[in-house]
Amino acid sequence: MMSSSLLFISVVAVIGGIAVALQAQLMALLDRGMGTLESVFITYGGGGLLVGLLMLALRGGNLSIWHTLPWYAFLSGAAGLVIVASIGFSVPRLGLVSAFTLIVAAQFIVGALLDHYGILGAEVRELNFQKIAGMLILLLGVWLTVRS
C-alpha cells in the first residue's frame with residue numbers, strides 16, 4: 001500500500017507530466033505561428049511574470065540565501081531554456097509522441113547516470129541489472145515509436 005506522502009508526490013508528478021504535454025502542444029502552436037525563439041520568449045516571459053508576482057506576494061521567499069548555493073545550480077535557467085526550446089522546436093516537427101519519447105528516454109538515461117555517480121548533488125543510487133535492462137527496453141520502445 002502506498003503511503004499518503006508517496007501518493008501525494010506521485011499525483012504532483014502526474015500533474016507535472018500532464019502540464020508538460022499540454023505546454024508542448026501549446027508551444028507547438030506558437031512555434032508554427034511565430035517561430036521557436038518567439039515561443040520560448042512567450043513561455044518564459046509568461047512564466048517569469050507569474051512566478052515574479054508569486055514571489056512578490058511571498059515577499060521574496062528564500063531568495064536572500066542565493067549566495068549559499070553552488071554557482072552551477074544557477075545553470076538551471078539556461079537548461080530550462082534548452083528544454084523549452086527543444087520541446088517547442090521538436091513537437092511540431094515530430095509530433096508529441098515521437099518528441100516526448102526521445103525527450104523522456106534521454107531524461108531516463110541521463111538521470112540514471114546522475115544518480116549512479118551522484119553528479120550535481122544527486123543521491124547515489126547505483127545502476128543495477130534491472131535498471132539497465134529497463135533502459136534497454138526503453139531504447140527499443142524509442143526505436144519502435146520514432147521509426148514510424
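Just above, that's the structure.
Rules used throughout
- Residues numbered from 1 in each chain as written.
- Predicted model: local features only at pLDDT ≥ 70, side-chain atom pairs only at ≥ 80, totals over all residues.
- Heavy atoms only, no water.
- Core = buried A, V, L, I, M, F, W, Y, C linked by side-chain atoms within 4.5 Å.
- Buried < 20%, exposed > 50% of the residue type's maximum accessible area, 1.4 Å probe, protein only.
- Helix = DSSP H or I, 4+ residues; strand = E, 2+ residues; numbered from the N terminus.
- Contact = heavy atoms within 4.5 Å.
- Phe/Tyr/Trp six-rings, centres within 6.5 Å; stacked < 30°, edge-to-face > 60°.
- Lys NZ or Arg CZ within 6 Å of the ring centre and 35° of its normal.
- Patch = residues over 30% accessible without salt bridge, like charges linked within 9 Å, V, L, I, M, F, W, Y side chains within 5 Å.
- Areas by Shrake-Rupley, 256 points an atom, 1.4 Å probe, with all protein chains shown as cover.
- Salt bridge = Lys/Arg side-chain N within 4 Å of Asp/Glu carboxyl O.
- Expected span 1.5 Å × (residues − 1).
- Polar contact = N/O pair within 3.5 Å; in protein donor to acceptor, adjacent residues only side chain to side chain.

Draft legend 1. Expanded view of the nonpolar core. Membership of the largest hydrophobic core is limited to seven residues, which are Ala 24, Ala 28, Ile 87, Val 91, Ala 99, Phe 100 and Ile 103. Those elements that place two or more of their residues in this core are helix H1 (4-34), helix H3 (76-94) and helix H4 (96-117). Beyond its immediate chain neighbours, meaning those up to four positions away, Ile 103 contacts Ile 87 and Ser 90.

Draft legend 2. Quick look at the packing of aromatic side chains. Counting across every chain of the model gives two aromatic pairs. Plain terms: the ring middles of Trp 66 and Phe 74 are 6.3 Å apart, the flat faces sit at 75° to each other, and that makes the pair edge-to-face. Residue class for Phe 74 comes out partly exposed when judged on its relative accessible area of 45%. Relative to Tyr 72, the ring of Trp 71 has its centre 5.7 Å away and its plane inclined at 85°; by these criteria the two rings are edge-to-face. Over the ring of Phe 89 we find Arg 93; its NZ or CZ atom is 3.9 Å from the centre of that ring. The ring of Trp 143 carries the charged tip of Arg 147 above its face, separated from the ring centre by 4.7 Å.

Draft legend 3. A look at a nonpolar patch on the surface. On the surface, Trp 71, Tyr 72, Leu 75, Leu 113, Tyr 117, Ile 119 and Leu 120 cluster together into a nonpolar patch covering about 800 Å² of accessible area. Positionally, Ile 119 belongs in the loop between H4 and helix H5 (129-146). Given a relative accessible area of 37%, Ile 119 falls into the partly exposed group.

Draft legend 4. Quick peek at the pattern of salt bridges. Per the counting criterion, the structure on display carries two salt bridges. The closest approach of N and O atoms between Arg 93 and Asp 31, which form a salt bridge, is 3.0 Å. Highlighted residues: Arg 93 in helix H3 and Asp 31 in helix H1, separated in sequence by 62 residues. Residue classification places Asp 31 among the buried positions, given a relative accessible area of 6%. When the shortest N-O distance is used, the salt bridge between Glu 123 and Arg 125 registers 3.6 Å.

Draft legend 5. Structural view of H5. Spanning 18 residues, H5 covers 26 Å between terminal C-alpha atoms, matching the ideal 26 Å at 1.5 Å per step. You can read the cap of H5 off the contacts: a side-chain oxygen lies 3.2 Å from the backbone nitrogen of Gln 130, and it is on Asn 128.

Draft legend 6. Expanded view of unusual backbone geometry. Positive phi is not limited to glycine here, since Leu 120 has a value of about 60°. Within the element layout of this structure, Leu 120 appears in the loop between H4 and H5. According to the relative accessible area criterion, Leu 120 is exposed, its value standing at 63%.

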